[in-house]
Amino acid sequence: MIDSHAHLYFDRFDEDREEVFARARAAGVDAFVVIGIDRASSEAAGALARERPDVRATAGIHPCDVKKAEPGDQERIEALLRSGAYCGVGETGLDYYWDASDADDQKEMLHWHLDLALELDLPAVLHCRDAWPDLL
């Protein structure tokens, strides 16, 4: 079994991350895909994947984090993805529930992610909340 959407780089796992992995293994999980949601977490996901053979990483900017993205974040995420060390693009998508980022900005970022996924032949990790018509 593969946990296809984990955020095990969060600092709340710092004290017991190994125990979390052990409990997951005991429950039958053999591998993990750790999902990046911004520049820092995408880098952290990659670092965790380099440390553990049972972890793969993705890189992207979550729709709720589009507004917080800084200059250079997209370029850095693209460089991470082009390194060949990442297994997917995102987490990306649309989230109109939290109203954390402008819908048009989210759509622009989504298209950027999807274009990159197509170019690199990688799957995209999609997030959608209260935005299905636009995402589809």
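The coordinates are above.
Note that the structure is predicted; figures quoted are calculated from it, not measured.

A. Up close: the pairing of strand S4 (residues 88–95). Burial analysis of S4 places 8 of its 8 residues in the buried class, the great majority of the element. Handedness of the S4-helix H4 (residues 103–120)-strand S5 (residues 124–129) crossover: right-handed.

B. Region of interest: unusual backbone geometry. Despite not being glycine, aspartate 99 shows a phi value in the positive range, around 55°. The residue aspartate 99 is located in the loop between S4 and H4 in this model. With phi around 55°, aspartate 121 is a residue other than glycine that occupies positive phi space. You can call aspartate 121 exposed: its relative accessible area is 70%.

C. Broad picture of H4. When the terminal C-alpha atoms of H4 are compared, their 26 Å separation across 18 residues agrees well with the 26 Å that a helix rising 1.5 Å per residue should span. Each element contacted by the buried residues of H4 is listed here: helix H3 (73–82), S4, S5 and helix H5 (132–135). Looking at where H4 begins, the residue whose side-chain oxygen comes 3.0 Å from the main-chain nitrogen of aspartate 104 is aspartate 102. Aspartate 121 sits one or two positions beyond H4 and adopts a positive phi of about 55°.

D. How the structure looks around the packing of H3 against H4. Two numbers describe how H3 lies on H4: the axes approach to 11 Å, and their chain directions differ by 20°. The orientation of H3 relative to H4 falls into the category roughly parallel. Regarding H3 and H4, the two cross each other, and that crossing is right-handed. In this structure, H3 contributes Gln74, Ile77, Glu78, Leu81 and Arg82 to the contact, and H4 contributes Met109, Trp112, Leu116, Glu119 and Leu120.

E. Spotlight on the sheet that holds strand S3 (residues 55–59). One open sheet holds the 5 strands; their spatial order is S1-S2-S3-S4-S5, and the pairing between them is parallel. Every interior strand has two partners, whereas the edge strands, strand S1 (2–6) and S5, have only one. When strand polarity is set aside, the average angle formed by the axes of neighbouring strands in this sheet is 25°. Direction of pairing for S3 relative to S4: parallel, over a ladder of 2 bridges. The residue bridging threonine 58 from the neighbouring strand is glycine 88, located in S4. Packed on one face of the sheet, H4 meets S4 and S5 and runs near 155° to S4.

F. Looking closely at the nonpolar core. Leu8, Phe32, Val55 and Leu81 are the most contacted members of the largest nonpolar core, which totals 28 residues. Among the elements of the structure, helix H1 (17–26), strand S2 (31–34), helix H2 (39–51), S3, H3 and H4 are those that each provide at least two residues to this core. It is H4 that provides the largest number of residues to this core, a total of 4 residues. Not counting residues up to four positions away in its chain, the partners in contact with leucine 81 are Ala59, Tyr86, Gly88, Val89, Leu116, Leu120 and Leu122. Core analysis: the next-biggest nonpolar cluster, separate from the first, contains 5 residues, Leu94, Leu110, Ala131 and Leu135 among them.

G. Main features of the environment of alanine 79. Position of alanine 79 among the secondary structure elements: in helix H3. Taking C-alpha positions, alanine 79 is 13 Å from alanine 117, a pair spaced 38 residues apart along the chain.

Quick notes on the rules
- Chains are numbered independently. Their residues run from 1 in the order of the written sequence.
- Under the rules for a predicted model, residues below a pLDDT of 70 receive no local features and side-chain atom pairs below 80 are neither given nor counted, while totals for whole chains, interfaces and linings still include all residues.
- Side-chain figures throughout are based on the complete set of non-hydrogen atoms in the structure, without hydrogens or water.
- The rule is simple: take the accessible area with a 1.4 Å probe, protein chains only, and divide by the maximum for that residue type; under 20% is buried, over 50% is exposed, in between is partly exposed.
- The helix count covers DSSP runs of H or I at least four residues long, the strand count covers runs of E at least two residues long, and both are numbered beginning at the N terminus.
- Crossover handedness is defined by viewing with both strands directed away from the observer: a clockwise path from the first strand over the helix to the second marks the crossover as right-handed.
- Multiply 1.5 Å by the residue count of a helix minus one, and that product is the helix's expected span.
- Here, residues are in contact when the closest pair of their heavy atoms is within 4.5 Å.
- Polar contacts, as used here, are pairs of N or O atoms within 3.5 Å; protein pairs need one atom able to donate a hydrogen and one able to accept it. Residues neighboring in sequence count only if both atoms are side-chain atoms.
- Note on geometry: axes are lines fitted to C-alpha atoms, helical ones only across the stretch in contact, with angles between N-to-C directions running from 0 to 180 degrees.
- Angles below 35 degrees are treated as roughly parallel, those above 145 as roughly antiparallel, those between 65 and 115 as roughly perpendicular, and all remaining angles as oblique.
- Whether a crossing is left-handed or right-handed is set by the direction in which the near helix is turned from the far one by less than a right angle, anticlockwise for left-handed and clockwise for right-handed.
- For two strands to pair, DSSP has to find at least two bridges joining them.
- Nonpolar core, defined: a set of buried Ala, Val, Leu, Ile, Met, Phe, Trp, Tyr and Cys residues in which side-chain atoms within 4.5 Å join the residues together.

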